[in-house]
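Architecture at a glance
Here is what each chain is made of, one letter per residue.
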Amino acid sequence: MSTTIPAAPPEAAPVPPRRARPAMTDRTRHERRLGWMLAGPALFVMVAVTGYPILNALWLSLFDYRLTDPDGREFVWFANYATIFTDGLFWRQFGVTALITVVTVSVELVLGFALAMVMHRALYMRTLLRTAILIPYGIITVVSAFSWQYAFSNTYGFVNPWFGLGDQDWFGNTWTALFAICVAEIWKTTPFMSLLLLAGLAQIPNDYLEAATVDGATPWQRFKRVILPNMKAAIMVALLFRTLDAFRIFDNVFIMTAGAQGTETLSFLAYRQTISRVMVGLGSAVSVILAVIVVLIAFLFVKVFRTDLSQQKGGN
Amino acid sequence: MKPGRRAEVAWIVGGIAVVLYAIVPVAWIVSLSFKGGDDITNQSFLPSAFTWENYRIVFASDLFTTALRNSIGITIIATTISVVLATLAAYAVARLEFPGKRLILGVALAITVFPIIAIATPLFNMWRNIGLYDTWIGLIIPYLSFSLPLSVYVLSAFFREIPWEMEQAAQVDGATSWQAFRKVIVPLAAPGVATAAILTFFAVWNDFIFGITLTSSERSRPVPAALAFFSGESSFSEPTAPIAAASVIITIPVIVLVLFFQRRIVAGLTAGAVKG
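Under an unreviewed UniProt entry, the name given to chain B is Carbohydrate ABC transporter permease, and the organism recorded is Cryptosporangium minutisporangium. Per UniProt, chain B carries the Subcellular location (unreviewed entry) text "Cell membrane". Here is the UniProt Sequence similarities (unreviewed entry) comment for chain B, exactly as written: "Belongs to the binding-protein-dependent transport system permease family."

As recorded in an unreviewed UniProt entry, chain A goes by the name Sugar ABC transporter permease, listed as coming from Cryptosporangium minutisporangium. Per UniProt, chain A carries the Subcellular location (unreviewed entry) text "Cell membrane". Quoted verbatim from the Sequence similarities (unreviewed entry) field of UniProt, the annotation for chain A is "Belongs to the binding-protein-dependent transport system permease family."

Structural data, given as structure tokens:
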């Protein structure tokens with residue numbers, strides 16, 4: 001997406017006016033120039049710092065290149081990609097990442113909905129609730145990760161004694177470690193989801209709900225027939241943002257397990273290849289693959305989202 | 001009236017659950033930060049005796065204080081520049097007619113979608129080549145690029161709601177265009193700008209990936225990254241409680257902003273995502 005758009009030099013924008021069109025007035029011309037002068041710097045920074053590195057990564061991913069051996073750099077076409085796609089470890093980590101994404105996003109949708117409903121219906125504590133829910137949103141992910149790591153720790157944590165689990169070593173095996181990582185991720189990011197859903201809830205006209213109540217609809221029927229259909233757009237936006245974000249999970253994994261016990265994710269793999277192992281070529285290839293997957297997810301969502309919305313419109 | 005009352009109680013219980021949900025992990029890290037000695041390993045939620053010892057250790061360590069200074073400096077600079085650039089761009093997008101408007105919003109959206117790690121690893125390489133590796137500027141630049149999209153979205157959503165005709169009305173009433181802008185538009189735009197600044201602050205303060213990939217020393221490493229390497233007073237003791245204390249310190253600005261600007265943050269998050 002951003003990568004395929006060539007970095008237009010900000011000043012080059014006012015194209016020489018074509019004769020066919022009605023001549024531009026001074027005012028329009030001035031407005032166009034001003035527009036680019038104001039928006040140009042922001043666009044330049046965004047493209048230069050995101051577009052260029054990713055193109056650079058694309059290029060580097062075609063090399064066998066190790067930082068510790070710069071002279072041995074060699075153009076190898078798609079060998080890095082072949083290495084990655086034939087490596088079981090990559091697929092394992094892809095699976096772990098996908099699993100974390102699906103689990104956290106589904107739990108967050110349900111939990112986020114529950115939180116949004118409570119906030120929406122709350123009469124007395126509205127401000128208190130919204131302030132409280134923003135705390136997890138604002139907190140540094142690393143801090144949240146430490147908090148949960150210590151909570152689950154069998155040396156420091158309160159989780160084992162609270163739930164009578166004795167000496168359960170949460171970080172000693174893949175599934176329990178993934179469970180702890182998911183809990184930390186869910187805690188931190190559900191508020192974002194629930195605030196978007198709350199905004200969606202607020203947009204449902206009260207008349208609809210009242211009409212349904214008058215017609216004798218049960219709360220569950222009201223939820224299913226009135227609330228859900230009217231919130232499709234909000235739900236899709238929330239799901240899209242959270243899915244993309246969850247797929248990029250890094251901080252929690254880094255702090256809580258450092259990828260041990262088979263909890264490594266794709267972001268972590270990209271980091272480890274380039275930064276720790278200084279395998280720049282291979283690491284770049286992982287970065288490119290990760291970027292492509294994320295763009296594909298976004299594309300799929302937008303596609304489904306569009307058809308869904310148009311169907312909704314047709315149905316009205 | 002009975003069922004209505006029961007429902008009311010249910011919603012209150014729900015409300016308490018929401019507050020507990022948000023507070024427990026924070027309370028836990030605060031509690032841990034006040035535990036001393038063997039208290040740390042007794043697995044109870046609350047400390048049996050309060051001690052400030054961990055805070056003393058944290059502030060006695062250069063690693064933490066320089067990281068804190070880095071974080072504060074870098075966050076303030078990045079937030080300021082980002083909000084200025086985003087305000088100009090959002091004004092242009094919301095108010096002016098020019099070709100390329102869609103391009104700007106498209107690029108912004110594409111960047112929010114992008115995995116940061118996919119940008120961080122090539123930057124690691126580039127920064128090393130041009131000498132920006134392990135410097136403040138080397139962090140500020142990428143922070144700008146990934147905080148700008150959100151700010152541009154939030155601000156243009158805000159700016160679209162501003163009744164710009166009022167500016168002309170003021171001019172008709174005899175104000176100069178500068179006066180009209182300052183007296184009418186600035187007060188209306190300020191809340192949006194404040195919101196964008198807070199959201200940018202959160203994003204930059206929270207960053208871990210750039211902090212850990214683009215720095216290698218105390219010179220520029222921000223707190224979240226430094227925490228991952230924190231070893232406490234001695235390299236032989238587990239730094240759990242000092243890490244908790246450091247965590248509490250860097251959480252304070254977040255809590256303060258949330259307490260004071262709760263309404264703005266909610267408005268910004270939903271404006272950027274739902275309306276954008």
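Here we come to the interface of chain A and chain B. Opposite the 93 residues of chain A that make contact, chain B presents 88 residues. When chain A packs against chain B, close to 8,400 Å² is buried across both sides, 79% of that on carbon and sulfur atoms. Summed over the three residues of chain A that lose the most area to chain B, namely M46(A), I140(A) and Y156(A), the buried surface amounts to 9% of that side. Taken together, the links from chain A to chain B amount to zero salt bridges. If you look at where chain A meets chain B, you find twelve residue pairs in polar contact (both at pLDDT 80 or more). The element best represented in the side of chain A that touches chain B is helix α1 (residues 26–60) of chain A, accounting for 21 residues.

As for its position among the elements, S156(B) is in helix α6 (residues 136–161). Its relative accessible area of 1% is what places S156(B) among the buried residues.

This next bit is on the packing of α6(B) against helix α8 (residues 177–206) of chain B. Residue and element names in this part refer to chain B. Between α6 and α8, whose axes approach to 9 Å, the crossing angle comes to 155 degrees. Comparing the axis directions of α6 and α8 gives the class roughly antiparallel. In terms of crossing hand, the pair formed by α6 and α8 is right-handed. Contacts between α6 and α8 involve Y143, F146, S147, L150, S151, V154, L155, F158 and F159 on the former and, on the latter, A189, G192, V193, T195, A196, L199, T200, A203 and V204. Class assignment for the residues of the contact of α6 with α8 results in 13 nonpolar, five polar and no charged.

Here we come to the UniProt feature "transmembrane region" (unreviewed entry) in chain B. Summarizing the sequence annotation, UniProt attributes the feature "transmembrane region" (unreviewed entry) to residues 9–30, 72–91, 103–124, 136–159, 184–205 and 241–261 of chain B in the numbering used throughout. The span residues 103–124 of chain B is 91% helix and 0% strand, and its two end C-alpha atoms sit 28 Å from each other.

Moving on, we get to the confidence of the model for chain A. All names here are of chain A. In the predicted model, chain A carries a mean pLDDT of 84, and the fraction of residues at 70 or more is 89%. Here helix α13 (residues 280–315) stands out as the element of chain A with the lowest mean pLDDT, 79, in contrast to helix α5 (residues 141–152), whose mean of 94 is the highest. Counting interchain partners and residues more than four positions distant, the pLDDT-below-50 stretch residues 1–19 has 17 contacts.

The next thing to look at is the confidence of the model for chain B. Low-pLDDT portions of the prediction should not be read for the details of their coordinates. Summing up the model confidence of chain B, the mean pLDDT is 86 and the portion of residues at 70 or higher is 95%. Overall fold confidence for the complex sits at a pTM of 0.88, while the interface term, ipTM, reaches 0.90.

On to the UniProt feature "domain: ABC transmembrane type-1" (unreviewed entry) in chain A, then. Feature annotation in UniProt places "domain: ABC transmembrane type-1" (unreviewed entry) on residues 94–301 of chain A, given in this structure's numbering. A helix fraction of 78% and a strand fraction of 0% characterise residues 94–301 of chain A, whose end C-alpha atoms lie 19 Å from each other.

Turning our attention to the nonpolar core. Ranked by size, the top nonpolar core spans 195 residues in total, and within it F250(A), F202(B), L227(B) and I265(B) carry the most contacts. For this core, the element with the most residues is helix α7 (residues 174–202) of chain A, which contributes 15 residues.

Below, the discussion takes up the pairing of strand β1 (residues 63–66) of chain A. Residue and element names in this part refer to chain A. Of the two faces of β1, only one is covered, namely that formed by F63 and Y65; the face formed by D64 and R66 stays uncovered. Across three bridges, β1 lies against strand β2 (residues 69–75) in antiparallel orientation. Each bridged residue has a counterpart across the sheet, and for D64 the counterpart in β2 is E74. The antiparallel pairing of β1 with β2 creates a hairpin that spans two residues between the two strands.

Cut-offs used in this document
Residues numbered from 1 in each chain as written. Chains lettered and ligands numbered in written order. Predicted model: local features only at pLDDT ≥ 70, side-chain atom pairs only at ≥ 80, totals over all residues. Heavy atoms only, no water. UniProt positions renumbered as here; feature names shortened; annotations may be inferred. Contact = heavy atoms within 4.5 Å. Buried area = accessible area lost by both parts, 1.4 Å probe. Salt bridge = Lys/Arg side-chain N within 4 Å of Asp/Glu carboxyl O. Polar contact = N/O pair within 3.5 Å; in protein donor to acceptor, adjacent residues only side chain to side chain. Helix = DSSP H or I, 4+ residues; strand = E, 2+ residues; numbered from the N terminus. Buried < 20%, exposed > 50% of the residue type's maximum accessible area, 1.4 Å probe, protein only. Axes fitted to C-alpha atoms, helices over the stretch in contact; angles between N-to-C directions. Parallel < 35°, antiparallel > 145°, perpendicular 65-115°, else oblique. Left-handed = near helix turned anticlockwise from the far one by under 90°. Nonpolar A, V, L, I, M, F, W, Y, C, P; charged D, E, K, R; others polar. pLDDT = per-residue confidence, 0-100. Core = buried A, V, L, I, M, F, W, Y, C linked by side-chain atoms within 4.5 Å. Pairing = 2+ DSSP bridges.

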